[in-house]
Amino acid sequence: MPLRLPDGLPAIELLKQENIFVMDDTRAHAQDIRPLRIVILNLMPLKITTETDLVRLLSNTPLQIDIAFMKLRSHTPKNTPIEHMMMFYRDFAELRREKFDGMIITGAPVEQMEFEQVSYWDELVGIFEWARTHVTSTLYICWAAQAGLYYHYGIPKYGLEKKMFGIFSQKPVDVRLPIFRGFDDEFMMPHSRHTEIRREDIELDERLNIIAEGRESGVSMVMARGGREFFITGHLEYSPDTLDKEYRRDLALGRKDVSMPVQYYRDNNMARGPLVSWRAHANLLFSNWINYYVYQETPYNIEEIE
């Protein structure tokens, strides 16, 4: 089944060019199916790029999925046209009356600030609380993972001497978990961050389970509440050229604290372009999350989510 997206969303045409089956609201209303409802709180500066990356992964499922995009009232994005935000995004104040089968909260370019210093922190933690009673399972990605772990469980973040930047090997701690069904013994994950969370802090809280980590990149996935919360410190959703664009941007800005992304370019040569090594497992992870932790767990009557 395809994704059900708002009419006119730029991601629709972009993904059709990749031969990915999506449909707009008009066509979807003709199908008598109870679609899964997924809400995405997109905190990334390039909204359209992130929308397309996430929709691409969510499309790899036999289920019909109804996507909604949430925005914050306390923050106005600078890099996305206001017309786009008004047309495709709804305020949390409006969406809070609804329930969703799944939720994705993205990263944000504020990781070097203290959490409480972020201008929209109060609204964000209100969303964290709301998700626990209005969403069956929530994916927290990158900075959102650190923020969620800090707010819900008191897990601190630590600054890194050097940016964790590139593609790093990860090892599932328990391959029997449904989230890793079909995974190899190790898998690759893009990382792009200046901060980290540490194993020793997480192990002190019995409510948290480290489910994947890397030798170089440290803890990469944490699960809580039996799969109702996943915290992912990397970016499996990234498209092939995302780190390349980020690196070229940093070079243009003359930044001295960023090195070439490791294990990313073919033969470590920018001119040869990226070697994509994470896409298959990214599709598997999102499909497994949708199937085993959303579809299999959510009630048919969405109002019964609690």
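One structure accompanies this document, and this report is about it. This is a predicted model, so every value here is computed, not measured.

In this section: the overall build of the protein. Counting its secondary structure elements, the protein contains 10 helices and 12 strands. Computed over C-alpha atoms, the radius of gyration of the protein comes to 19 Å, within 12% of the 19 Å expected from 2.2 N^0.38 for 306 residues, which places it in the range of a compact globule. Along the three orthogonal principal directions, the C-alpha set of the protein runs to about 55 × 45 × 40 Å. Every one of the 306 residues in the protein was classed for burial, and the buried ones make up 56%. Contacts in the protein between residues far apart in sequence, at least 24 positions, make up 74% of those at least 6 positions apart. Split by element, the accessible area of the protein, about 14200 Å² in all, is 49% carbon and sulfur.

Here the focus is helix 9 (residues 242-252). For helix 9, every residue scored as buried is listed here: Thr242, Leu243, Asp244, Glu246, Tyr247 and Asp250. For helix 9, the elements touching its buried residues are helix 3 (47-58), strand 8 (158-172) and strand 9 (187-196).

Position of Ser137 among the secondary structure elements: in strand 7 (residues 135-141). By relative accessible area, Ser137 is classed as buried at 0%. Looking at Ser137, its side chain comes within polar contact range of the main-chain oxygen of Gly227, at 2.7 Å.

In this structure the tally under the stated criterion is 1 cavity of 30 Å³ or more. The volume enclosed by the largest cavity comes to roughly 70 Å³. Every residue lining the largest cavity is listed: Asn42, Leu43, Lys47, Met70, Lys71, Leu72, His75, Pro77, Met85 and Tyr89.

What follows deals with the layout of surface pockets. There is about 990 Å³ of room inside the largest pocket. Lining the largest pocket are 39 residues, with Met44, Tyr238, Thr242, Glu246 and Arg249 sitting closest to its centre. Looking at the lining of the largest pocket, the elements that each hand over two or more residues are helix 3, strand 9, helix 9 and helix 10 (279-295). A class-by-class count of the residues in the lining of the largest pocket yields 16 nonpolar, 11 polar and 12 charged.

Side chains Glu229 and Phe231 of strand 12 (residues 229-232) all project onto a buried face; the interleaved residues Phe230 and Ile232 project onto the opposite face, where all are buried too. Two elements, strand 7 and strand 12, share 4 bridges in a ladder whose sense is parallel. Counterpart to Leu139 in the pairing with strand 12 is Phe230. Where strand 11 (residues 218-224) meets strand 12, 4 bridges bridge the pair, whose relative direction is antiparallel. Its bridge partner lying in strand 12, Ala224 is registered against Glu229. Linking strand 11 back to strand 12 in an antiparallel pair, the connection comprises 4 residues, with Arg225 at a positive phi of about 55°.

Within the structure shown, the criterion is met by 21 salt bridges. Close ionic contact of Asp53 with Arg56 constitutes a salt bridge, the shortest N to O distance being 3.2 Å. Taken as a pair, Asp53 and Arg56 lie in helix 3 at a separation of 3 residues, close to a single helical turn. Using a relative accessible area of 5% as the deciding quantity, one classes Asp53 as buried. Taking the shortest distance from any N to any O, the salt bridge between Asp205 and Arg207 comes out at 2.7 Å. Judged by relative accessible area, Asp205 falls into the buried class, the value being 12%. You can call Arg207 partly exposed: its relative accessible area is 47%. Each of the salt bridges in this network shares a partner with another, and the network as a whole consists of Lys163, Glu246, Arg249, Asp250 and Arg255.

Conventions and cut-offs
Residues numbered from 1 in each chain as written. Predicted model: local features only at pLDDT ≥ 70, side-chain atom pairs only at ≥ 80, totals over all residues. Heavy atoms only, no water. Helix = DSSP H or I, 4+ residues; strand = E, 2+ residues; numbered from the N terminus. Rg over C-alpha atoms; globule rule 2.2 N^0.38 Å. Buried < 20%, exposed > 50% of the residue type's maximum accessible area, 1.4 Å probe, protein only. Contact = heavy atoms within 4.5 Å. Areas by Shrake-Rupley, 256 points an atom, 1.4 Å probe, with all protein chains shown as cover. Polar contact = N/O pair within 3.5 Å; in protein donor to acceptor, adjacent residues only side chain to side chain. 1 Å grid on protein atoms, 1.4 Å probe; cavity = no way out; pocket = protein on both sides within 12 Å on 5 of 7 lines; lining within 4 Å. Points joined across faces, edges and corners; volume = space filled by probe spheres on them. Nonpolar A, V, L, I, M, F, W, Y, C, P; charged D, E, K, R; others polar. Pairing = 2+ DSSP bridges. Salt bridge = Lys/Arg side-chain N within 4 Å of Asp/Glu carboxyl O.

Keep in mind these values describe shape, not function.
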